[in-house]
Amino acid sequence: MGILHHQSLRLLWLTLAVGVGGAVLLLVTSPLLPITWDEGDSFRRACQIFDGQWEFTTTGEGHPAGYAIVIAAGWRVADGWLPPLTAVRFGPMMLFACAAAAMFYRLARDHSIPAGLGGVIAMVFLPRMFAHAHVAAGDGPLTACWIMTWAAFAPARRGWKGALLWGVLLGLTLSMKATGWLAPAPFVVWTILYRDRAAARAVALGIPVAVAVFLLMNPPLWPQPIGGLARFFALNIGRAETGLNLATQFLGHMYNLDHPLPWYNAFFWTAVTVPIGVLAFAGLGGLFTARHAADRSADVLIVLNWGILLVVRAFPGVPVHDGVRLFLPSFAFLAAMAGVGVHETWQWTSMRWPKGWRHCVLTSGVFLFVSAVCLLNLGLYAPQWLSYYNVTVGGLPGAIAIGMEPTYWWDSLDRDSLAWLHAHTEENEKIRFASPSPDNMQLLSRWGFLRRGWHSSQPGRYRWYVLQHRPSAWQPCDRRLLENATPAYRNTLLGAPLLSVYDYRDFERCEATASDTMP
């Protein structure tokens, strides 16, 4: 009894250390990541909550309010003692740190401490996940809540209190983004596959609790819950009708809701945007799970949570934009499966050399190698972690060569880009940005990151035209500019351009050419 108590205490302390370490890591690195596309809009909506305005659920694109509540609560806590952008991100970052702790605890409890460490390293240090863990938008909080829901399912089968907690966490997942409404499916399927009565009781109690939590967190539904839910689903299923038919470039071709992506798109994106080491360990964990599915029910649940979004992503009519963002939670569960692969490696070396130094050297070497590779990726791509591609396609330059989009987020408008613009733009001149986020521009100006005018209503003449290298957002004039003009400045990553600055006169000439060629 004493040994078990000591092991439980050690696990709890290690879990706390993982959570605190994750929180500190995200806080320290937040200033490196420039403001990204959705953050200005998300922060504006979150601030409106304090005035009793809820631009969610039944309006706009139908986003639920949960992620904005997290942003608003975090900002209220952190404003004044953290830099402004970090304060806006405080809530999502702390939630993600909790998810890292939950993943560690679940994998360590089900398998081993190496499994927990391996899973957390794979998730947090995956470059695109590392970036989304900072971003004040819906995808990081959705991923965090989904991970915590999975971690809470085992205790949910042991009694009504655990089932109630699982239902609350599932309700938070539903409330972060419409994608979260897919989260109950893996647990229901798992319960049916294993004919688990305890799980059936937990699901039967937890799902109604989750719906109640969703209703509670979305005040626009309160006057008409049934009609409001119908409107919510209509907005999220019928995106083309809302005017949000955004395109993406995939393997050299443009796709949107009218021209769906190939069914394998999510599998391909996974193969080229996840580090090779993580893929290898996840494959190892998946192989052992498949071979012993009857005895590895906990690992089958990981696979089901990983696969649900990839399967749905293959359906026609699913929104296609922004690369991996719309199925981001699948990467977290892939990392959890990598943790299982680390555990199997640990077990194999323990059996091969039960008392020898080789076991310690080999397993420590594996950890150090995987960690070093992950850190190397983060260092090479900083701060544009959202542009990461692995070596199977030759990194970012190779991905561009095969027709993938290099960037989506305006995170290339970083300190170096802004410093160049400020140094080469007079105070009576201003800068025009191609398809910017107005909310982001206003925040950049308010916080002092952007110290020149940018809006047409502001005084001064335009000096520069700033273009993000996102092909799906380029207008015909942008393409002519790229083909015929030489940029005055380029922000590159591994030699690949992410942002180009052109003399505004070159842009005007391209516009004039377009006018002359119009019928």
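Description of the structure in this document.

Digging into the overall build of the protein
Looking only at helices and strands, the protein has 22 helices and six strands in total. For 519 residues, the compact-globule estimate of 2.2 N^0.38 gives 24 Å, and the C-alpha radius of gyration of the protein, at 24 Å, lies within 12% of that figure. The proportion of buried residues among the 519 residues of the protein is 56%. Of all intrachain contacts in the protein linking residues separated by at least 6 positions in sequence, the fraction that spans at least 24 positions is 74%.

Some words on the packing of helix 2 (residues 39-49) against helix 3 (residues 66-78)
Look at helix 2 against helix 3: their axes get within 8 Å of each other, and the N-to-C directions meet at 75°. The orientation of helix 2 with respect to helix 3, classified from their angle, is roughly perpendicular. Across the interface between the two elements, Ser42, Phe43, Arg45, Ala46, Cys47 and Ile49 from helix 2 touch Tyr67, Ala68, Ile69, Ile71, Ala72 and Trp75 from helix 3. Here the residues of the contact of helix 2 with helix 3 sort into ten nonpolar, one polar and one charged.

Quick word on the sheet that holds strand 3 (residues 429-433)
Pairing is mixed in the open sheet, where four strands are placed in the order 3-4-6-5. Only two strands of the sheet have a single partner each, and these edge strands are strand 3 and strand 5 (489-493). Across the sheet, the axes of successive neighbouring strands diverge by a mean angle of 15°, strand direction being ignored. Sheet analysis places strand 3 next to strand 4 (residues 461-468), joined by five bridges and oriented parallel. Paired with Phe433 across the strands is Val466, a residue of strand 4. Relative to the sheet, helix 19 (residues 415-423) contacts strand 3, strand 4, strand 5 and strand 6 (496-503), its axis offset from that of strand 5 by approximately 170°.

Description of the pattern of salt bridges
Counting across every chain of the model gives 20 salt bridges. Arg470 is the partner of Asp322 in a salt bridge, and the nearest nitrogen-oxygen pair spans 2.9 Å. Here Asp322 is found in the loop between helix 15 (297-313) and helix 16 (329-352), whereas its partner Arg470 is found in the loop between strand 4 and helix 21 (476-484), with 148 residues between them in sequence. For Asp322, a relative accessible area of 6% puts it in the buried group. Between Arg461 and Glu429 there is a salt bridge, and its shortest N-O distance comes to 2.9 Å. Of this pair, Arg461 sits in strand 4 while Glu429 sits in strand 3, placing them 32 residues apart in sequence. Of the residues examined, Arg461 reaches a relative accessible area of 52% and is grouped as exposed. Here Glu429 falls in the buried class, since its relative accessible area comes to 8%. The structure contains a network of salt bridges with shared partners spanning Asp38, Asp139, Lys177, Asp322, Arg325 and Arg470.

Quick notes on the environment of Asp196
Tracing the sequence through the fold places Asp196 in the loop between helix 10 (184-194) and helix 11 (197-216). What makes Asp196 buried here is its relative accessible area of 15%. Along the chain, Asp196 and Tyr462 lie 266 residues apart, while their C-alpha atoms are 66 Å from each other. Residues contacting Asp196, with those up to four places away along its chain left out, are Arg157, Trp190 and Thr191. Among the polar contacts listed, one links the side chain of Asp196 to the backbone nitrogen of Ala198, at a separation of 3.0 Å.

Describing a nonpolar patch on the surface
Together, Leu9, Leu12, Trp13, Leu16, Val20, Val24 and Val28 line one region of the surface with nonpolar side chains, adding up to about 700 Å² of accessible area. Locating Leu16 in the fold gives a position in helix 1 (residues 2-29).

As for the packing of aromatic side chains
Taken as a whole and judged by the stated rule, the model has 35 aromatic pairs. Both rings, one in Trp146 and one in Phe333, keep their centres 6.3 Å apart while their planes meet at 70°; by these two values the pair is edge-to-face. A residue pair is termed long-range when its members are at least 10 positions apart, and Trp146 in helix 7 (residues 139-151) and Phe333 in helix 16 qualify at 187 residues. Judged on exposure class, the residue Trp146 and its partner Phe333 are both buried. Ring plane angle 70° and centroid distance 6.5 Å describe the contact between Tyr408 and Trp409, whose orientation is recorded as edge-to-face. Residue Tyr408 shares its accessibility class with Trp409, and that shared class is buried. Through a chain of ring-to-ring contacts, three or more aromatic side chains come together here, namely Phe250, Tyr255, Trp263, Tyr264, Phe267, Phe268 and Trp269. Over the ring of Tyr462 we find Lys430, and its NZ or CZ is 4.6 Å from the ring centre.

A short note on the nonpolar core
Among soluble globular proteins, nonpolar side chains are generally buried collectively. One finds Met123, Trp150, Phe153, Trp269, Leu413, Leu421 and Phe433 to be the most contacted residues of the largest nonpolar core, which totals 139 residues. Ranked by the residues each element gives to this core, the list is headed by helix 4 (residues 84-110), at 14 residues. Beyond its immediate chain neighbours, meaning those up to four positions away, Trp150 contacts Met103, Arg106, Leu107, Phe187, Leu301, Ile302, Asn305, Phe333 and Ala336. Judged by nonpolar contacts, the second largest core, of 13 residues, contains Tyr462, Cys477, Leu481 and Leu482.

Criteria and cut-off values
- Residues numbered from 1 in each chain as written.
- Predicted model: local features only at pLDDT ≥ 70, side-chain atom pairs only at ≥ 80, totals over all residues.
- Heavy atoms only, no water.
- Helix = DSSP H or I, 4+ residues; strand = E, 2+ residues; numbered from the N terminus.
- Rg over C-alpha atoms; globule rule 2.2 N^0.38 Å.
- Buried < 20%, exposed > 50% of the residue type's maximum accessible area, 1.4 Å probe, protein only.
- Contact = heavy atoms within 4.5 Å.
- Axes fitted to C-alpha atoms, helices over the stretch in contact; angles between N-to-C directions.
- Parallel < 35°, antiparallel > 145°, perpendicular 65-115°, else oblique.
- Nonpolar A, V, L, I, M, F, W, Y, C, P; charged D, E, K, R; others polar.
- Pairing = 2+ DSSP bridges.
- Salt bridge = Lys/Arg side-chain N within 4 Å of Asp/Glu carboxyl O.
- Polar contact = N/O pair within 3.5 Å; in protein donor to acceptor, adjacent residues only side chain to side chain.
- Patch = residues over 30% accessible without salt bridge, like charges linked within 9 Å, V, L, I, M, F, W, Y side chains within 5 Å.
- Areas by Shrake-Rupley, 256 points an atom, 1.4 Å probe, with all protein chains shown as cover.
- Phe/Tyr/Trp six-rings, centres within 6.5 Å; stacked < 30°, edge-to-face > 60°.
- Lys NZ or Arg CZ within 6 Å of the ring centre and 35° of its normal.
- Core = buried A, V, L, I, M, F, W, Y, C linked by side-chain atoms within 4.5 Å.

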